[in-house]
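Observations on chain architecture
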Amino acid sequence: MTAPHLRRQILHIYSLLRNEPVVTPGPPKPPPFRLTLREMEVLTLVATGCSNVEAAEHLTIRAETVKTYMRSIMRKMGVRNRTAAVHAARQSGLLD
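Residues numbered from 1 in each chain as written. Predicted model: local features only at pLDDT ≥ 70, side-chain atom pairs only at ≥ 80, totals over all residues. Heavy atoms only, no water.

It is worth spelling out the overall build of the chain at this point. Looking only at helices and strands, the chain features 5 helices and 0 strands. When the helices and strands of the chain are listed from N to C terminus, the series reads α-α-α-α-α. Out of the 96 residues belonging to the chain, those deemed buried represent 26%. Across the chain, contacts joining residues at least 24 apart in sequence account for 53% of those joining residues at least 6 apart. With an accessible surface of roughly 6,900 Å², the chain has 57% of that area assigned to carbon and sulfur atoms. (Helix = DSSP H or I, 4+ residues; strand = E, 2+ residues; numbered from the N terminus. Buried < 20%, exposed > 50% of the residue type's maximum accessible area, 1.4 Å probe, protein only. Contact = heavy atoms within 4.5 Å. Areas by Shrake-Rupley, 256 points an atom, 1.4 Å probe, with all protein chains shown as cover.)

Bringing the pattern of salt bridges into the picture now. Scanning all chains against the criterion turns up 3 salt bridges. Lysine 76 is paired through a salt bridge with glutamate 39; the nearest N and O atoms lie 2.8 Å apart. Of the two residues, lysine 76 is situated in helix α4 (residues 63–77) and glutamate 39 in helix α2 (residues 37–47); the sequence distance between them amounts to 37 residues. Using a relative accessible area of 3% as the deciding quantity, one classes glutamate 39 as buried. (Salt bridge = Lys/Arg side-chain N within 4 Å of Asp/Glu carboxyl O.)

Judged by nonpolar contacts, the single largest core of 20 residues is most densely connected at Leu35, Val42, Leu43, Met70, Ile73, Met77 and Ala85. Counting residues per element, the ones that place at least two in this core are α2, α3 (52–59), α4 and α5 (82–91). Residues in contact with leucine 35, not counting those within four places in the same chain, are Met40, Leu43, Ile73, Lys76, Met77 and Leu94. (Core = buried A, V, L, I, M, F, W, Y, C linked by side-chain atoms within 4.5 Å.)

Another point: the packing of α4 against α5. Remark: α4 packs on α5, axes separated minimally by 10 Å, with the N-to-C direction vectors making an angle of 55°. Considered as vectors, α4 and α5 are oriented oblique to each other. Crossing handedness for the pair α4 and α5: left-handed. Contacts between α4 and α5 involve Met70, Ile73, Met74 and Met77 on the former and, on the latter, Arg82, Ala85, Ala88 and Ala89. Residue composition of the contact of α4 with α5, grouped by class: 7 nonpolar, no polar and 1 charged. (Axes fitted to C-alpha atoms, helices over the stretch in contact; angles between N-to-C directions. Parallel < 35°, antiparallel > 145°, perpendicular 65-115°, else oblique. Left-handed = near helix turned anticlockwise from the far one by under 90°. Nonpolar A, V, L, I, M, F, W, Y, C, P; charged D, E, K, R; others polar.)

As structure tokens, then:
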């Protein structure tokens, strides 16, 4: 299980079933990168399966602009493709 929020939910349910006290982990660590609001909007749309053209239509920008945002996102995250960017964002808790 790679999504932290799902793992916490499963562990919580498991502990309830076993009648164990629930141990809540500390606050999540902030991701090692910072994305702008617009970058988060683009990444969220990409994570839902939108192409660059579809994301551009939702945000009323050009598809080339979406590509530019994705390049910036991938550079900040240190990944090579959009799939890895979505995966890294989910693991860091940016996307649910």
